[in-house]
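# Overview (structure and organization)
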Amino acid sequence: MAHINRRRPENISGNFYVDSTCISCDTCRWMAPEVFVEVGEQSAVYHQPTNETEERRSLAALLSCPTSSIGTVDKPKNIKEVQQHLPALVAENIYHCGYHSEKSYGAASYLIVRPEGNILVDSPRFVPPLVKNIEAMGGIRYLYLTHRDDVADHQQYRDHFGCDRILHSDEVNAGTRSVEIQLSGNEPHQIADDLLIIAVPGHTKGHTVLLYNNKFLFSGDHLAWSESLQHLIGFRQVCWYSWEAQIKSMQNLANYDFEWVLPGHGRRYHAEVETMREQMQQCIAWMLDA
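An account of the accompanying structure is given in this report. (Residues numbered from 1 in each chain as written. Predicted model: local features only at pLDDT ≥ 70, side-chain atom pairs only at ≥ 80, totals over all residues. Heavy atoms only, no water.)

### Quick word on the side chain of D221
What counts, and what does not: In DSSP terms, a helix is any run of H or I states spanning at least four residues, a strand is any run of E spanning at least two, and both are numbered starting from the N terminus. Under the scheme applied here, a residue whose accessible area is under 20% of the maximum for its type counts as buried, over 50% as exposed, and between as partly exposed, the area being computed with a 1.4 Å probe on protein chains only. Positive charges come from Lys and Arg alone, negative charges from Asp and Glu alone, with His and the N- and C-terminal ends not counted. We count a salt bridge whenever a side-chain nitrogen from Lys or Arg sits within 4 Å of a carboxyl oxygen from Asp or Glu. In protein, a polar contact means a hydrogen-donor-capable atom and an acceptor-capable atom, both N or O and within 3.5 Å, with residues adjacent in sequence counting only if both atoms are side-chain atoms; elsewhere, any N or O pair within 3.5 Å suffices.
Structurally, D221 can be placed in the loop between β15 (216–220) and β16 (224–226). One buried charged residue, D221, forms no salt bridge at all, with the nearest opposite charge on R148 at 10 Å. Within the local environment of D221, its side chain forms a polar contact with the side chain of H203, the two groups lying 3.4 Å apart.

### Points about the side chain of D122
Keep this limit in mind: In this description, contact between two residues means that some pair of their heavy atoms is separated by no more than 4.5 Å.
Summarising the element assignment, D122 is placed in the loop between β8 (119–121) and α4 (128–136). Of the buried charged residues, D122 lacks a salt bridge, with R148 as the closest side chain of opposite charge at 11 Å. Among the polar contacts made by the side chain of D122, one reaches the main-chain amide nitrogen of T146 at a distance of 2.9 Å. Each residue touching D122, except ones within four places of it in the same chain, is listed here: A108, S109, L143, Y144, L145, T146, H147 and D150.

### Some points on the packing of α4 against helix α5 (residues 154–161)
This is how it is decided: Every axis in this analysis is a line fitted to C-alpha atoms, fitted for helices over the stretch in contact. Angles between the N-to-C directions lie between 0 and 180 degrees. By the definition adopted for this analysis, an angle is roughly parallel if under 35 degrees, roughly antiparallel if over 145, roughly perpendicular if from 65 to 115, and oblique otherwise. By the definition used in this description, the sense in which the near helix is turned from the far one sets the handedness, with an anticlockwise turn below a right angle giving left-handed and a clockwise turn giving right-handed. Under the grouping applied here, Gly and all other residues not named as nonpolar or charged are polar, the nonpolar ones being Ala, Val, Leu, Ile, Met, Phe, Trp, Tyr, Cys and Pro and the charged ones Asp, Glu, Lys and Arg.
Following both chains from N to C, one finds α4 and α5 inclined at 45°, their axes separated by 12 Å at the closest point. One way to sum up the angle between α4 and α5 is to call them oblique. In terms of crossing hand, the pair formed by α4 and α5 is right-handed. Side by side, α4 and α5 meet where L130, V131, I134 and E135 of the first sit next to Y157, H160 and F161 of the second. Here the residues of the contact of α4 with α5 are counted per class, giving five nonpolar, one polar and one charged.

### So, the sheet that holds strand β19 (residues 269–270)
Stated formally: A pair of strands counts as paired when DSSP detects no fewer than two bridges linking them.
Read across the sheet, six strands follow the order β12-β13-β14-β15-β18-β19 without closing on themselves; strand pairing throughout is mixed. Since the sheet does not close on itself, it has two edges, and those belong to β12 (189–192) and β19, each with one partner. As paired strands, strand β14 (residues 208–212) and β15 are joined by three bridges and run antiparallel to one another. Within β15, the residue paired with L211 across the bridge is L217.

### Focus on unusual backbone geometry
The peptide bond linking L86 to P87 adopts the cis configuration, its omega dihedral lying at 5°. Mapping P87 onto the fold places it in the loop between α3 (79–83) and β5 (88–91). Despite not being glycine, S24 has its phi angle at roughly 55°, a positive value. Here S24 is to be found in the loop between β1 (16–18) and α1 (27–31).

### Some words on the sheet that holds strand β10 (residues 164–168)
Spatially, β5-β6-β7-β8-β9-β10-β11 is the arrangement adopted by the seven strands of the open sheet, whose pairing is mixed. What marks the edges here is a single partner per strand, and that holds for β5 and β11 (181–183). Taken pair by pair, the neighbouring strands of this sheet meet at an average axis angle of 25°, ignoring direction. When β5 meets strand β6 (residues 94–96), the two strands line up antiparallel, connected through three bridges. From the neighbouring strand, A88 faces β6, where its bridge partner is H96. Where α5 meets the sheet, its contacts fall on β8, β9 (142–144) and β10, and the angle it forms with β10 comes to roughly 150°.

### Thoughts on α4
At 3.6 residues per turn, the α-helix brings residues three or four places apart onto the same side. Our working rule: Working definition: the arc comes from the directions between the helix axis and the C-beta atoms, pointing outward to the latter.
Within α4, the full set of buried residues consists of L130, V131, N133 and I134. When α4 is viewed along its axis, its buried side chains cluster within an angular range of 165° and face the same direction. Summarising the geometry of α4, the exposed residues directed more than 90 degrees from the buried face are P128, K132 and A136. With its phi angle positive at about 115°, G138 sits one or two positions after the end of α4.

### A word on helix α7 (residues 273–289)
Note the cut-off: Helices are assigned an expected span. That span is 1.5 Å times one less than the residue count.
With 17 residues, α7 extends 25 Å from end C-alpha to end C-alpha; this agrees with the ideal 24 Å at 1.5 Å per step. Residues of α7 that are buried: M276, Q279, M280, C283, I284 and M287. Looking straight down α7, one finds its buried side chains confined to an arc of 140°; they lie on one side. Exposed and facing more than 90 degrees away from the buried side of α7 are L288 and D289. Check the buried side of α7 and you find it contacts β16, β17 (231–233), α6 (243–253), β18 (260–263) and β19.

### Description of the pairing of β14
Burial within β14 is extensive, with five of its five residues counted as buried. Burial along β14 is two-sided: T208, L210 and Y212 and V209 and L211, pointing in opposite directions, are all buried. Bridge analysis of strand β13 (residues 195–199) against β14 gives five bridges, and the strand direction is antiparallel. Paired with I197 across the bridge in β14 is L210. Here β14 folds back onto β15, and the loop between the two strands holds three residues, one of which, N213, carries a positive phi near 60°.

See the structure below:
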């Protein structure tokens, strides 16, 4: 819980604030960019919500903050109503779960709602309001984990929903040894007609991404949009396995068509297929020079 006595002086005066426990994971800044901004390597409120939409987005960011570093001076009256809208619709049948976990350094997770069974992509915090809403949306058939960093509360989701977890064997450690489906090798894995898992070693040795319906790419920590550079990137400074391998993985990924990049860390990106292809080539060129 955020504490008013730790309120950062960089916050503008008003109801919402960020305290000094912020880890600058960027969650609030992309969920409510009209309210939160980075100042001094942490987040701060630069504009207090002035309408219902801004208020709701700010409260969703408050709920999603992995370190509970966002607070309000006055107790929010509509927090339960905002809880009902997480997972939040992104597009079509894709939802952002919110409730980011500090165990995953604030990584985003997503829910794909399908008649054949829902897919939870990476793990959010296991909290009752979110679990109840996911139950109402049809539960979870698979919990797909992009890589070792963003597994968070995977065991609790497995225990509650009985879902089969999917993780590459090169990412398995003591905390994920019991994962039901352990992938191997670097060949694509077609787990359903509309679900393709693609190996992208680089950030970590066994990192994979999920391509849904040849449209939505759940990219974990492999690929994301950079607001500062205004193009797609790989994360050079947090490449734990091999930058050279990650470049090769990106070159391979560029052979696939998709319209959405939905990362764990970093910003989302949406474009027509041809524009996305151009962006991928720009990303690869940038990586080769990085």
